[in-house]
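# Survey of secondary and tertiary structure
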Amino acid sequence: MNAIIPIDLLIIGSGPSGSSTALHLVRHNPNWAQRMIILDKAVHPRDKLCGGGITFLGLNILTALGLELEPNHIPLQEAQLVFEDLSYTFHGDPVFSIVRRAEFDHWLVQILEKQGVPVHQGEGVTDITPTPDYVIVTTDTAIYHAQAVVVADGSRSFVRQRLKWPGESHVARLIEVDTPADDSQDPLFQEKRAIFDFSAMTADNLQGYYWDFPSYVAGEAKMNRGVFDSRAQPDRPKASLKKVLADALDQRQYDLADHKIKGHPIRWFDADNVFAQPRIILVGDAAGVDPFMGEGISFALGYGTVAAQALTTAFAQQEFSFSDYRQRILQDPLLKQLVLRTRLARFSYLARQRRFIRWGWRAMQTIIKWTRWRPNYKPVTPVTDRWDYERPLSGDKS
């Protein structure tokens with residue numbers, strides 16, 4: 001018989017959203033370290049398919065937590081967006097940073113362990129059953145009776161499937177490869193530049209882009225290359241991601257057959273979906289992230305902020321319905337951007353005719369000149385303690 005372990009809080013998944021939730025709670029009150037357990041079926045450092053981009057949105061959250069990005073990373077100074085012969089460039093110091101998810105996630109877990117938070121690696125959840133008084137979570141080695149559960153187990157969330165979670169499922173697609181690179185010669189490394197190429201929107205019906213990100217894998221220079229397909233217009237035919245990637249690699253004198261393809265889905269945000277039920281809340285990819293550019297890490301970290309606020313209030317009031325959790329998400333300064341990005345994705349990928357897309361790109365070339373994204377712009381700013389964990393919500397709490 002497995003041991004029964006009573007616990008206040010169980011976090012399922014130790015990626016950025018689960019770790020962020022725990023980090024925010026411990027920062028608010030160090031006693032939380034003894035009140036929670038984090039479970040993960042994998043063992044860190046574990047490979048995680050992801051382009052690894054962290055924008056200033058995520059870096060500001062780390063700053064607010066008193067953390068400076070320590071894993072090996074590349075702060076990029078330019079992000080070049082391309083459509084056929086048209087392009088425009090965002091400049092910044094940095095525009096965003098590239099980090100390998102295996103190293104980034106492991107780093108967050110190590111910080112939690114140093115703060116006394118138990119992280120049970122290699123312990124996968126096999127069943128979950130909500131009851132009025134607690135949630136029964138069964139793993140390979142134990143049975144937990146948790147007062148509350150944070151579901152942070154990704155786009156393919158086992159918990160969502162097991163509980164037959166209500167709501168529509170919107171899923172973007174992504175495939176990627178790593179190719180050898182010479183960081184002393186490659187212009188993307190030298191110029192600290194990333195490329196987002198949207199040219200396949202017309203020829204291949206892609207609702208997204210091809211990317212080139214300079215990166216390091218175990219200290220070795222690599223070019224991370226991939227294709228993001230938002231599927232923001234799900235009724236349109238699916239693009240062949242392998243063809244788009246193969247064509248892009250061919251232009252760069254690489255053969256896709258020589259490289260291992262990695263792929264995974266990205267669950268994207270829908271404001272009308274269900275984000276909580278009694279004693280259980282969703283965060284990160286399990287809840288939904290950006291369908292416009294596929295930005296995941298920054299929003300995952302942001303979910304941790306909101307989840308920590310909701311949990312602190314729930315335990316203080318001993319009321320675990322989480323009926324206001326959706327409202328908290330929609331009112332959060334960061335996460336409410338997901339509503340806008342969902343609309344942008346649906347609008348941007350609505351056009352099919354090439355001339356309309358080119359007209360839009362010409363308009364953007366003019367608009368970008370009036371933005372703050374110039375070479376000397378520093379978007380990452382020091383942040384004071386802006387996390388008010390028991391702040392009242394505005395408006396109707398229903």
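None of these values were measured; they are calculated from a predicted model. (Residues numbered from 1 in each chain as written. Predicted model: local features only at pLDDT ≥ 70, side-chain atom pairs only at ≥ 80, totals over all residues. Heavy atoms only, no water.)

Across the 10 residues of strand β12 (residues 208–217), 8 count as buried, placing the element largely inside the fold. Relative to β12, strand β11 (residues 193–197) runs antiparallel, the two being bridged by 3 bridges. Opposite I195, over in β12, you have D212 as the bridge partner. With 10 bridges connecting them, β12 and strand β13 (residues 220–229) associate as antiparallel partners. If you follow P214 over to β13, its bridge partner there is M223. (Buried < 20%, exposed > 50% of the residue type's maximum accessible area, 1.4 Å probe, protein only. Helix = DSSP H or I, 4+ residues; strand = E, 2+ residues; numbered from the N terminus. Pairing = 2+ DSSP bridges.)

Viewed as axis vectors pointing N to C, helix α1 (residues 16–28) and helix α3 (residues 101–114) meet at an angle of 25 degrees, and their least axial separation amounts to 10 Å. Taken as axis vectors, α1 and α3 run roughly parallel relative to one another. Crossing of α1 over α3 shows left-handed handedness. Taken together, the residues of α3 that come into contact with α1 (itself represented by P16, S19, A22 and L23) are R101, F104, D105, L108, V109, I111 and L112. When its residues are assigned to classes, the contact of α1 with α3 shows 8 nonpolar, 1 polar and 2 charged. (Axes fitted to C-alpha atoms, helices over the stretch in contact; angles between N-to-C directions. Parallel < 35°, antiparallel > 145°, perpendicular 65-115°, else oblique. Left-handed = near helix turned anticlockwise from the far one by under 90°. Contact = heavy atoms within 4.5 Å. Nonpolar A, V, L, I, M, F, W, Y, C, P; charged D, E, K, R; others polar.)

Turning to the sheet that holds strand β10 (residues 171–180), a few remarks are in order. Pairing within the open sheet is mixed, and its 8 strands lie in the order β3-β5-β4-β11-β12-β13-β10-β14. Both outer strands of the open sheet, β3 (53–55) and β14 (262–267), are each paired with one neighbouring strand and no more. This sheet shows a mean twist of 35 degrees between the axes of neighbouring strands, independent of strand direction.

To continue, consider the pattern of salt bridges. Considering all chains together, one arrives at 21 salt bridges under this definition. With a shortest N-O distance of 2.8 Å, D105 and R46 are connected by a salt bridge. One end of the pair, D105, is in helix α3; the other, R46, is in the loop between β2 (36–40) and β3, with 59 residues separating them in the sequence. When sorted by exposure, D105 lands in the same class as R46, which is buried. With a shortest N-O distance of 3.1 Å, D178 and R100 are connected by a salt bridge. With a gap of 78 residues between them, D178 in strand β10 and R100 in the loop between β5 (86–99) and α3 connect regions that are remote in the sequence. (Salt bridge = Lys/Arg side-chain N within 4 Å of Asp/Glu carboxyl O.)

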